[in-house]
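Structural characterization, general
Listed below are the residues making up each chain.
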Amino acid sequence: MKSESKSKPRLNPMLARSAEAFSDAQWIFEVKWDGTRALCYVNEKMQFINRRGTDITYRYPELENMREDIHCSSCVLD
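Read on for an overview of the structure. (Residues numbered from 1 in each chain as written. Predicted model: local features only at pLDDT ≥ 70, side-chain atom pairs only at ≥ 80, totals over all residues. Heavy atoms only, no water.)

Right, let's get into the pattern of salt bridges. According to the stated counting rule, one finds 1 salt bridge in the structure shown. A salt bridge links D78 to R37, with the shortest nitrogen-to-oxygen separation between them at 2.9 Å. One end of the pair, D78, is in the segment after strand 3 (75–77); the other, R37, is in the segment before strand 1 (38–42), with 41 residues separating them in the sequence. Take D78: its relative accessible area is 47%, and that puts it in the partly exposed class. (Salt bridge = Lys/Arg side-chain N within 4 Å of Asp/Glu carboxyl O. Helix = DSSP H or I, 4+ residues; strand = E, 2+ residues; numbered from the N terminus. Buried < 20%, exposed > 50% of the residue type's maximum accessible area, 1.4 Å probe, protein only.)

Next comes the structure, spelled out in structure tokens:
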């Protein structure tokens, strides 16, 4: 298992917050039950950083080849 390097996050992923439920045909929402909150930094490669600033890219090897499907030079995905 690779070690997880920590660095100060450049941005923070959105976090769930308590709110009153709503009903509107123009909006949809999905309840987040569990999982990891992370941002994906896309440049020459993709890097997943969790909300504590830990690089968790190695946890998602199935996403390694997705970079070629993202048609921009750089972006941040939440």
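Moving on to the nonpolar core. In this structure, A38, C40, V42, M46, F48, I56 and I70 together form the largest nonpolar core, which totals 7 residues. Among the elements of the structure, strand 1 and strand 2 (46–50) are those that each provide at least two residues to this core. No other element matches strand 1, which puts 3 residues into this core. (Core = buried A, V, L, I, M, F, W, Y, C linked by side-chain atoms within 4.5 Å.)

The subject of this paragraph is the side chain of D55. Position of D55 among the secondary structure elements: in the loop between strand 2 and strand 3. Here D55 sits buried without a salt bridge, and the closest side chain of opposite charge, K45, lies 6.1 Å off (N-O distance). Only 2.6 Å separates the side chain of D55 from the side chain of T57, close enough to count as a polar contact. (Lys, Arg positive; Asp, Glu negative; His and termini not counted. Polar contact = N/O pair within 3.5 Å; in protein donor to acceptor, adjacent residues only side chain to side chain.)

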